[in-house]
Amino acid sequence: MEFKNTLEFAQSLDAKDNLKTYRDEFIFPKINGKEVIYFTGNSLGLQPKRTKSFVDEVMKDWGELAVEGHFYAEKPWWDYHERLAEPLAKVVGALPEEVSVMNTLTVNLHLLMVSFYNPTKKRFKILCEEKAFPSDQYMFQSQVRFHGLDPEETIVEIKKRDGEHHWRTEDILAKIEELGDELALVLIGGVNYYNGQVMDMEAITKAGKAVGANVGWDLAHAVGNVELKLHDWDADFASWCSYKYMNSGPGNASGIYVNKKHLNKKDIQRFEGWWGTKKETRFLMKPEFEPMENADAWQISNVPILSVAPYLASLTMFEEVGMARLIAKRNQIVAYLEYILHEIDKEVDSSFEIITPEDRGCQLSVFLHGQGKSLFNYLMENGVITDWREPNVIRLAPAPFYSTYEDMYRFGQILKAGVLAN
């Protein structure tokens, strides 16, 4: 498609958008009396309007039924989380029994490493990306120390080539082959938080499995953003947060995936608790742990219903729309945003360098050469909510559920005014 940097063209794209009605499903903050241009769905998604009714239902049941709500609420609390398994499975490309909802992301990654990082004297190394999200780095280091190992010798980071801003798949595959039978675990962010790169999860998973390692994925920036086929790729495990593109609310409940082949294995290492036991015998209070036959076996405590209710509300929209339609709009609106950046670049003295490679989801990370944080402040003060990363990178993530092409055009005009004002 041949784009144009005009309001009329942007509005014409919005008129053809088959997801346009979903913008009205979300609550937008306002700055200077106008709805913001929201680019931080990669950090916290906007609140869906339907969320309130899901939370209100739980509050009503709690008030009217108290403890009996566990079994007699309209959506009984003791199996509330099970309603999320099927729609989540579609989003991550899994079987419903391979998916569960519990805890938060790094907690879940720690728990999954109990099962899937079992170092031996020979096979003990962990492969991750250079400068992984800090929480992942802390998790790796503490897990390695827990096993009495030295993080410097155990954690292997895939680095970018000199002068490049993204990882090359061939470098990752070569490192996996080099580590060979020393490699115990591959655990990488499926979409990098800083540059927005989508990793070749299929190829990396296949390579890791070929040398005998377990392979897991941190999908914080991938879930609800890119196509995932965790079961078909034969990944061992994955976890993700729900408050970015999944729009479930700040710090909300996480999800996990455990490959079917690991379910019902009696010898698997796992930290266990009451809510992972079989529903049929759970209230017999038996001393022996009898694991659920699905990923719920990794649950430890009962699910926080007031956190899961907003997650379920958001998933109803994913069920209505499907990932294919979201991805189709994502591709076009990100391409239009990239076009707008290039067009504005021609009109100002500064230069904008997009460091996100072609393998991308919703996010474009942009070096603002010649500009400082004063430009970011100008954008924020003029109704563009975006994200600043040192030294001079802004991350722009137009979420297809609620971002419009007119947003992209208007952002370009505000960006131009901000550069000229600085």
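What you see is a predicted model; the values in this text were computed from it and never measured.

About the criteria used
- Residues numbered from 1 in each chain as written.
- Predicted model: local features only at pLDDT ≥ 70, side-chain atom pairs only at ≥ 80, totals over all residues.
- Heavy atoms only, no water.
- Salt bridge = Lys/Arg side-chain N within 4 Å of Asp/Glu carboxyl O.
- Helix = DSSP H or I, 4+ residues; strand = E, 2+ residues; numbered from the N terminus.
- Buried < 20%, exposed > 50% of the residue type's maximum accessible area, 1.4 Å probe, protein only.
- UniProt positions renumbered as here; feature names shortened; annotations may be inferred.
- Pairing = 2+ DSSP bridges.
- Axes fitted to C-alpha atoms, helices over the stretch in contact; angles between N-to-C directions.
- Phe/Tyr/Trp six-rings, centres within 6.5 Å; stacked < 30°, edge-to-face > 60°.

Per the counting criterion, the structure on display carries 32 salt bridges. With its nearest N and O atoms 3.0 Å apart, the salt bridge here joins Arg-50 to Glu-25. In this pair, Arg-50 is assigned in the loop between strand E5 (47–48) and helix H2 (51–65) and Glu-25 in the loop between helix H1 (7–16) and strand E1 (26–27), connecting sequence segments 25 residues apart. Given a relative accessible area of 17%, Arg-50 falls into the buried group. The residue Arg-161 makes a salt bridge to Asp-171 at a minimum N-O spacing of 2.8 Å. Taken as a pair, Arg-161 in the loop between strand E8 (155–158) and helix H8 (169–179) and Asp-171 in helix H8 lie far apart in primary sequence, 10 residues in all. Here the salt bridges do not stand alone but share partners, grouping Arg-161, Glu-164, Arg-168, Glu-170 and Asp-171 into one network.

This brings us to the UniProt feature "modified residue: N6-(pyridoxal phosphate)lysine" (unreviewed entry) in the protein chain. The UniProt feature table records "modified residue: N6-(pyridoxal phosphate)lysine" (unreviewed entry) at Lys-244. With respect to the element layout, Lys-244 can be found in the loop between strand E11 (237–240) and strand E12 (254–258). Given a relative accessible area of 10%, Lys-244 falls into the buried group.

What follows covers the sheet that holds strand E13 (residues 351–354). Pairing in this open sheet of 4 strands is antiparallel, and the strands run E13-E14-E17-E16 from one edge to the other. Every other strand in the sheet has two partners, leaving E13 and strand E16 (387–389) as the edge strands with one partner each. When the angles between neighbouring strand axes are averaged without regard to direction, this sheet yields 30 degrees. Pairing analysis gives 4 bridges linking strand E14 (residues 364–369) to strand E17 (residues 393–396), with the strands arranged antiparallel. Within the sheet, the bridge partner assigned to Leu-364 lies in E17 and is Leu-396.

It is worth spelling out the packing of aromatic side chains at this point. A full pass over the atoms with the stated rule returns 22 aromatic pairs. When the ring of Phe-39 is compared with that of Phe-411, the centres are 5.0 Å apart and the planes differ by 80 degrees; the resulting orientation is edge-to-face. Note that Phe-39 is positioned in the loop between strand E4 (37–38) and E5 and Phe-411 in helix H14 (residues 405–421), a separation of 372 residues in sequence. Residue Phe-39 shares its accessibility class with Phe-411, and that shared class is buried.

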